[in-house]
Amino acid sequence: MLDALIQDLRYAFRALRSSPGFTAVAVLSLGLGIGANTAIFSLINVFLLKSLPVERPEELQQVLIGKNGSFTNPIWEELRNRQDIFSGVFAFSSTRFNLAPGGEARYVQGAWASGDYFTTLGVRAVLGRTFTTADDRRGCAGMAVLGYDFWQREFGGNKNVLEKTVSVEGHPFQVLGVVQPGFTGVEVGRTLDVVVPICAEPIVRETSALDRRSWWWLRIIGRPKAGVSPQQVAARMQTLAPQVFEATVPQNWRADGQAEYRKRTLDVTPAANGLSYLRVQYRQALIALMVVVGLVLVIACANVANLLLARASGRQKEIAIRMALGSGRGRLVRQLLTESVVLALAGAALGVAFAQWGSRLLVTFISTSDSPVYLDLTPDLRVLAFTIGVALLTGLLFGLAPAWRGTRVQPQIAMKENARGLVEGRSRFSAGKLLVMAQVALSLVLLTAAGLLLGSFRKLATMSTGFETENVLIANVDLTNAKYPKERVLPAFLEMLERLRALPGVRSASASALTPMSGSSWNEELKIDGFTPKSPDDGVAWFNRVTPEYFATLRTPLLAGRDFSSRDLEGAPRVAIVNQTMAKHFFGAANPVGRIFRTEDVKAGPPTEIVGMVADTKYNSMRKDFEPVVYVPVSQADPLSAQNIHMSFTIRGAAATDLAGGAREAITAVNRAVSIEFRVFSTQVAESLNRDRLLATLSGFFGGLGLLLATIGLYGVMSYNVARRRGEIGIRMALGAGAPRVLGMVLGEVTLLVAIGLAVGFAAAVASTRVLESQKFLYGLTARDPWTLGIAVIVLAAVALFAGYL
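Residues numbered from 1 in each chain as written. Predicted model: local features only at pLDDT ≥ 70, side-chain atom pairs only at ≥ 80, totals over all residues. Heavy atoms only, no water.

Q: Would you explain the overall build of the protein chain in this entry?
A: If you tally the helices and strands in the protein chain, you get 24 helices and 22 strands. Within the protein chain, the proportion of its 806 residues that are buried is 53%. The contacts in the protein chain between residues at least 6 apart in sequence include a share of 80% that link residues at least 24 apart. (Helix = DSSP H or I, 4+ residues; strand = E, 2+ residues; numbered from the N terminus. Buried < 20%, exposed > 50% of the residue type's maximum accessible area, 1.4 Å probe, protein only. Contact = heavy atoms within 4.5 Å.)

Q: Help me understand the packing of helix 3 (residues 73-82) against helix 7 (residues 230-247) in this model?
A: Relative orientation and spacing of two packed helices are given, respectively, by the angle between their axes and the distance between those axes. Two elements in contact, helix 3 and helix 7, have axes separated by 10 Å at closest approach and are oriented at 130°. One way to sum up the angle between helix 3 and helix 7 is to call them oblique. Helix 3 and helix 7 meet at a crossing whose hand is right-handed. Residues Ile75, Glu78, Leu79 and Arg82 of helix 3 pack against Arg236, Met237, Leu240, Gln243, Val244, Phe245 and Ala247 of helix 7. Grouping the constituent residues of the contact of helix 3 with helix 7 by class yields seven nonpolar, one polar and three charged. (Axes fitted to C-alpha atoms, helices over the stretch in contact; angles between N-to-C directions. Parallel < 35°, antiparallel > 145°, perpendicular 65-115°, else oblique. Left-handed = near helix turned anticlockwise from the far one by under 90°. Nonpolar A, V, L, I, M, F, W, Y, C, P; charged D, E, K, R; others polar.)

Q: How do you make sense of the packing of aromatic side chains when you look at a structure like this?
A: When we look at a pair of aromatic rings, we describe it by the centre distance and by the angle of the planes. The tally for this structure, following the rule as stated, stands at 24 aromatic pairs. When the ring of phenylalanine 118 is compared with that of phenylalanine 183, the centres are 6.3 Å apart and the planes differ by 65°; the resulting orientation is edge-to-face. Placement of phenylalanine 118 in helix 4 (residues 117-121) and of phenylalanine 183 in the loop between strand 8 (171-179) and strand 9 (194-197) is noted, with a sequence separation of 65 residues between them. Each member of the pair, phenylalanine 118 as well as phenylalanine 183, is classed as buried. Grouped by ring-pair contacts, the aromatic residues Phe90, Phe92, Tyr117, Phe118, Phe131 and Phe183 constitute a single cluster. The ring of phenylalanine 626 has lysine 618 lying over it, and the distance from NZ or CZ to the ring centre is 4.7 Å. (Phe/Tyr/Trp six-rings, centres within 6.5 Å; stacked < 30°, edge-to-face > 60°. Lys NZ or Arg CZ within 6 Å of the ring centre and 35° of its normal.)

Q: Explain the state of the cysteines to me, please; I cannot follow it from the model alone.
A: What we call a disulfide is simply a covalent bond connecting the sulfur atoms of a pair of cysteines. Evaluated as defined, the whole model comprises one disulfide. A sulfur-sulfur separation of 2.0 Å characterises the disulfide bridge that pairs cysteine 140 with cysteine 199. Between cysteine 140 and cysteine 199, the disulfide has an S-S torsion of 105° and is therefore right-handed. With cysteine 140 in the loop between strand 5 (125-128) and strand 6 (143-146) and cysteine 199 in the loop between strand 9 and helix 6 (201-204), the pair connects residues that are 59 residues apart, well separated along the chain. Cysteine 199 sits in the buried class, given a relative accessible area of 6%. (Disulfide = S-S within 2.5 Å.)

Q: Hey, could you run me through the pattern of salt bridges in this one?
A: Close approach of charged atoms allows side chains of opposite charge to pair. Evaluated as defined, the whole model comprises 29 salt bridges. One salt bridge connects arginine 106 with glutamate 154, and the closest N-O pair in it is separated by 3.3 Å. A residue pair is termed long-range when its members are at least 10 positions apart, and arginine 106 in the loop between strand 3 (103-104) and strand 4 (107-113) and glutamate 154 in helix 5 (residues 148-155) qualify at 48 residues. Residue glutamate 260 pairs with lysine 263 through a salt bridge whose shortest N-O separation is 3.7 Å. Three or more residues are tied together by salt bridges with common partners; here these are Glu55, Arg56, Glu59, Arg124 and Arg223. (Salt bridge = Lys/Arg side-chain N within 4 Å of Asp/Glu carboxyl O.)

Q: What should I look at first to understand the pairing of strand 21 (residues 646-653) in this one?
A: Taken residue by residue, a regular strand's side chains alternate between the two faces of the sheet. The buried fraction of strand 21 is high, at seven of eight residues. Where strand 12 (residues 472-478) meets strand 21, seven bridges bridge the pair, whose relative direction is antiparallel. The residue of strand 21 that forms the bridge with valine 477 is methionine 647. In this structure, strand 13 (residues 506-512) lies alongside strand 21, joined through six bridges in antiparallel fashion. Paired with serine 510 across the bridge in strand 21 is threonine 650. (Pairing = 2+ DSSP bridges.)

Q: What am I meant to see in a nonpolar patch on the surface here?
A: Taken together, the side chains of Tyr715, Leu743, Phe802, Tyr805 and Leu806 define a hydrophobic patch exposed on the protein surface, amounting to about 540 Å² of accessible area. The topology assignment puts phenylalanine 802 in helix 24 (residues 786-805). (Patch = residues over 30% accessible without salt bridge, like charges linked within 9 Å, V, L, I, M, F, W, Y side chains within 5 Å. Areas by Shrake-Rupley, 256 points an atom, 1.4 Å probe, with all protein chains shown as cover.)

Q: Help me understand unusual backbone geometry, please; the structure alone is not making it clear to me.
A: Glycine aside, the phi torsion of most residues is negative, and most peptide linkages are trans. In this structure, arginine 56 is a non-glycine residue whose phi angle is positive, near 40°. Structurally, arginine 56 can be placed in the loop between helix 2 (20-49) and strand 1 (61-65). In this structure, lysine 776 is a non-glycine residue whose phi angle is positive, near 60°. If you trace the backbone, lysine 776 turns up in the loop between helix 23 (770-774) and helix 24. Note on lysine 776: relative accessible area 59%, which makes it exposed.

Q: Got a minute to help me understand the nonpolar core in this structure?
A: Across soluble globular proteins, you tend to see nonpolar side chains buried next to one another. In this structure, Tyr117 and Met237 are the most contacted members of the largest nonpolar core, which totals 72 residues. Apart from residues lying up to four places away in sequence, methionine 237 is in contact with Val63, Leu79, Ile85, Phe86, Leu266, Asp267 and Val268. In terms of nonpolar packing, the next biggest core, distinct from the first, is built from 68 residues, Val188, Tyr282, Leu343 and Val445 among them. (Core = buried A, V, L, I, M, F, W, Y, C linked by side-chain atoms within 4.5 Å.)

Q: I keep staring at helix 7 and nothing clicks. Help me out?
A: What sets the pattern is the α-helix's 3.6 residues per turn: residues three or four places apart point alike. The first and last C-alpha atoms of helix 7 sit 25 Å apart over 18 residues, in line with the 26 Å expected at 1.5 Å per residue. Leucine 240 marks the point of greatest bend in helix 7, at about 40°, and the proline proline 242 comes within the next four residues. Considered for burial, the residues of helix 7 that qualify are Val233, Ala234, Met237, Leu240, Ala241, Val244 and Phe245. (Expected span 1.5 Å × (residues − 1). Bend = angle between axes of the 7 residues up to and from the residue.)

Q: Would you mind showing me how to read the pairing of strand 7 (residues 165-168) here?
A: The alternating pattern of strand 7 places Val166 and Val168 on a buried face, while none of Thr165 and Ser167, on the opposite face, is buried. In this sheet, strand 8 lies alongside strand 7 in antiparallel orientation, the contact comprising four bridges. In the sheet register, threonine 165 faces strand 8, and the bridge partner there is glutamine 174. The hairpin turn running from strand 7 into strand 8, its antiparallel successor, is two residues long, and glutamate 169 in that turn takes a positive phi close to 55°.

Q: Explain helix 15 (residues 486-501) to me, please; I cannot follow it from the model alone.
A: With 16 residues, helix 15 extends 24 Å from end C-alpha to end C-alpha; this agrees with the ideal 22 Å at 1.5 Å per step. Where helix 15 is concerned, the buried positions are Val489, Ala492, Phe493, Met496, Leu497 and Leu500. Considered in projection along helix 15, the buried side chains sweep an arc of 140° and stay on one side of the axis. In this structure, the buried residues of helix 15 make contact with strand 12, strand 13, strand 21 and helix 18 (660-668). (Arc of directions from axis to C-beta.)

Q: Whenever I open this one, the side chain of threonine 72 confuses me. Can you help?
A: Its location among the elements puts threonine 72 in the loop between strand 1 and helix 3. Within the structure, threonine 72 has its side chain in polar contact with the backbone nitrogen of isoleucine 75 (distance 3.3 Å). Not counting the four nearest positions on each side in its chain, threonine 72 is found in contact with Arg212, Arg213, Ser214, Trp215, Trp216 and Leu218. (Polar contact = N/O pair within 3.5 Å; in protein donor to acceptor, adjacent residues only side chain to side chain.)

Take a look at the structure:
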């Protein structure tokens, strides 16, 4: 058997080498199809399937509150002290640490972690040591464990690093150790540079979160004791929940809120694959792209099958001779299938190279300037098995029909000179034509999906946001290192703002707590006389603290009332500016100026008077409709603002990138210890659409690739058919048929094939694109958008008919 296989392989290589043009086209088609599938599967593998590089990852369980994975530190400490079901359990919080002592910030990926973080995961130190339970105590010293790659990059692998410190938010932290290579934390998509203990959090933050019962910032993962099942862990968590929540009730909550808090439950879920916000954001998008590239591969297989059918016709005499010499049909089918599998494996080899490049390119689509995505895309056994499996499956898929039909010959006829043979059969729709119709149908599905996703992205990218992003620079300033007393924080920010406004080339500048599309948000429940919310969310509005000229800098029109001014100080009557949606939702009035409201945190204090109304703007998502937004002056701080030492300066000038140098000097002139991070506003807004851009770009590319492959397939089949009928066409023309009539005969056949393919594809497109709508991939379009469907049909029909005309 092995000898026969080796013989088949040798013959297959000789046969393919003798037809280099055919082999190159087939391998390239399959390489693109298999490579696209492998690239998308590589991301799915990393995001959804790959286990963490730690000891026995299948044992890990994440603790949840209902379906929510966020915890306060008081809850974590109560759970840690009461639990008896885990052999090891830890809390952590992913973050960014600024290592620059002052000036422009230099952020690295970091994490707060409890004492058993490394020991529970089975991660060891290659230098020094990691945290222990003994380190996990209130008032601990500032210490840090470094990631292996960070140690190599920042310290050149110097083993004397244990004698050094790293600056974490302006505070020296002693290096305790370096972890083993390959460990990048438990959050997929992030790397891990610096880990510091949770108990050292008060060193960095002026207002510590350790005792805050409403600061949800930690996540918890545990490893059950030997022999304990996940069901037993879940049952124990449910038993512990009443004790844990009773001991951690937020005292400043209303009575009804405290009652609801006590009813919360604890649960667990598998954590072998780690945690990731990217998994939630891109899961459905990757699955949709996997379907798209699967269709591209099917079209590529149909193309190669057509090539093999045509090639089989040319090899009829060879096959007939082999059959006359005693080769059975099964033996010949096996030989032809071996050639197909060799083609597929060659395509897979090319596809792996394409996938490595393509998957890394895909990562750039989901990375942002302030949050780069790190993924280990080194092919593992699962990816290699997938690629080989796809190659073998496609080899059989496109090779079986040509092999079966290619061996249906009568030797005594096929060996005659100029015999037409029987490969094509007598059916009106031959196998090649059926494959072309399938290609047309699948291409229409791809084109329609691509058109909808491109149209959706175009609407998002060009929609009215209520502000102008061009030529705007954002400077995010952190006063942590400056160590200002609370009463000096706001004056320092205002001094920086005045210096920025005085810079040459600056047209306007303002400061705010948040900037649009930054990923940060703040909401409050409003109390308004005469307004009864229909649900808890119905009474909520989004907030921002801003300085005068904020709306002028963003070029958001003031529609009624006035802007904030220098007289809106702390101690003066509280004022606010609202957007149109807030006015309509809460007051039902076109002009809300003069109306008052209270927020939940100051419901017993003085009311806030609305002094202006501005146009609607997007707040934190381009996809959401305009939401109620309330702007309050930075000088009239809410109760938490005195502890807020972060501010974003928005600077408009001739060119955003040209403003950074002057802005840096103006800000550090006030205090050189402050930390600054610059962002271009237009980039910030554009990066909020990364998922939509990924879907639109890739679906457009693969839709175009599918169209190209279908066109080549149609051209190949019709070219082959015309070549076979050349004698018939010559006779027709000799009997008086003109060239237009012959052309009409060929185009009539093309039109029939395309029409049937379009009819089937139209029904399939309407059905399949509903999935895009149900998964909320579309914006401003429906799955049955007539313009998109119509344009897709026209483009595909025109290209197909042109191919037939050629």
